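Coordinates in review
What follows is the residue order along each chain.
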Amino acid sequence: MTITKVYVVYYSLYGHVGTLAHEVKRGANSVQGVEATLWQVPETLSSVILQKMKAPPKAIDVAEIQPERLLEADGFLFGIPSRFGVMAAQFKAFFDASHELWATQALAGKPAGIFWSTGFHGGGQELTALTAITQLAHHGMIFVPLGYTFGNEMFEMSEVKGGSAYGAGTYAADGSREPTELELQQAFYHGKYVAEITKKLKGQSN
């Protein structure tokens, strides 16, 4: 059986996006013939700044990725925390370092989904995804939105739930709020959904 490789590439300062990323990976791996791998983008802040921000240590079981490794994957899910309504600078720096891939359009035609974490409702739940799409467009990648395929859970109003038609998401509040069970279910589904589309597209290109 041909293996479809999905890379779940994320940045997480306080762990919220990291938690979603693990569920996204589980969802992707639930698709037969798909092999999903977790990666972290490199940190750009100094250890002194991270200490002052009281950031926990990075996950030691998830390797850092350099842009050239994106060539190995058939599809992607990018996990991006919001900073002032748009993607965190660490993730922007990662895309900025992908110039050689852009120059050859090496990633063109590969599908990609986006998931995220924001502090509150006005923190960029949709704007983070919308502004990140520009990175995909310049590489020629195919943005795969979640749409309303998650079903009735997309219309949940009895509890706070991150995410939207653009992808899975969570709220961190002041940092103390953890992703809820419903948000984790949505992340799992998102990973599965993008993996299924990636597998289908790869099969059509063979």
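Let me begin by describing the structure that accompanies this report.

Quick look at the nonpolar core
The biggest cluster of nonpolar side chains holds 28 residues, and the ones touching the most others in it are Val9, Leu70, Phe76, Phe78, Phe91 and Met141. At the level of elements, β1 (4-10), β3 (75-83), α3 (89-96), β5 (111-118) and α5 (127-139) are the ones that each hand at least two residues to this core. Ignoring anything within four residues of it in the chain, the contact list for phenylalanine 78 reads Val9, Leu70, Phe91, Phe95, Ala112, Gly113, Ile114, Phe115, Leu136 and Met141. One finds Val6, Leu20, Ala28 and Val34 within the second-largest nonpolar core, a separate group that totals 21 residues.

Details of the pattern of salt bridges
Going through the model one piece at a time under the given rule, you end up with 7 salt bridges. A salt bridge links glutamate 43 to lysine 58, with the shortest nitrogen-to-oxygen separation between them at 2.9 Å. Taken together, the positions of glutamate 43 in the loop between β2 (34-40) and α2 (47-52) and lysine 58 in the loop between α2 and β3 put the pair 15 residues apart, joining distant regions of the chain.

With respect to the layout of surface pockets
Quantified by volume, the largest pocket comes out at close to 350 Å³. Ser82, Arg83, Thr118, Gly119 and Ala172 are, among the 20 residues lining the largest pocket, the residues nearest its centre. Listing elements by their share of the lining of the largest pocket, those giving two or more residues are α1 (16-29), β3 and β5. The dominant element in the lining of the largest pocket, judged by the number of residues it contributes, is β3, at 3 residues. Residues that form the lining of the largest pocket fall into these classes: 9 nonpolar, 9 polar and 2 charged. Estimated volume of the second largest pocket: approximately 240 Å³. Forming the walls of the second largest pocket are 14 residues, and the residues nearest its centre are Met154, Glu156, Met157, Lys161 and Gly163.

Concerning a nonpolar patch on the surface
Where nonpolar side chains cluster on the molecular surface, the patch consists of Tyr14, Leu45, Ile49 and Met53 and spans about 310 Å² of accessible area. For leucine 45, the location among the structural elements is in the loop between β2 and α2. Residue class for leucine 45 comes out partly exposed when judged on its relative accessible area of 30%.

What about unusual backbone geometry?
For residues that are not glycine, phi is negative in most cases, and the peptide bond is trans in most cases. The backbone phi angle of glutamine 105 is positive, close to 55°, even though this residue is not glycine. Tracing the chain through its elements places glutamine 105 in the loop between α4 (99-104) and β5. The backbone phi angle of alanine 173 is positive, close to 55°, even though this residue is not glycine. Structurally, alanine 173 is set in the loop between β7 (169-171) and α6 (181-205). Using a relative accessible area of 27% as the deciding quantity, one classes alanine 173 as partly exposed.

Conventions adopted
- Residues numbered from 1 in each chain as written.
- Predicted model: local features only at pLDDT ≥ 70, side-chain atom pairs only at ≥ 80, totals over all residues.
- Heavy atoms only, no water.
- Core = buried A, V, L, I, M, F, W, Y, C linked by side-chain atoms within 4.5 Å.
- Buried < 20%, exposed > 50% of the residue type's maximum accessible area, 1.4 Å probe, protein only.
- Helix = DSSP H or I, 4+ residues; strand = E, 2+ residues; numbered from the N terminus.
- Contact = heavy atoms within 4.5 Å.
- Salt bridge = Lys/Arg side-chain N within 4 Å of Asp/Glu carboxyl O.
- 1 Å grid on protein atoms, 1.4 Å probe; cavity = no way out; pocket = protein on both sides within 12 Å on 5 of 7 lines; lining within 4 Å.
- Points joined across faces, edges and corners; volume = space filled by probe spheres on them.
- Nonpolar A, V, L, I, M, F, W, Y, C, P; charged D, E, K, R; others polar.
- Patch = residues over 30% accessible without salt bridge, like charges linked within 9 Å, V, L, I, M, F, W, Y side chains within 5 Å.
- Areas by Shrake-Rupley, 256 points an atom, 1.4 Å probe, with all protein chains shown as cover.

No statement about biological role is implied by the geometric values presented.
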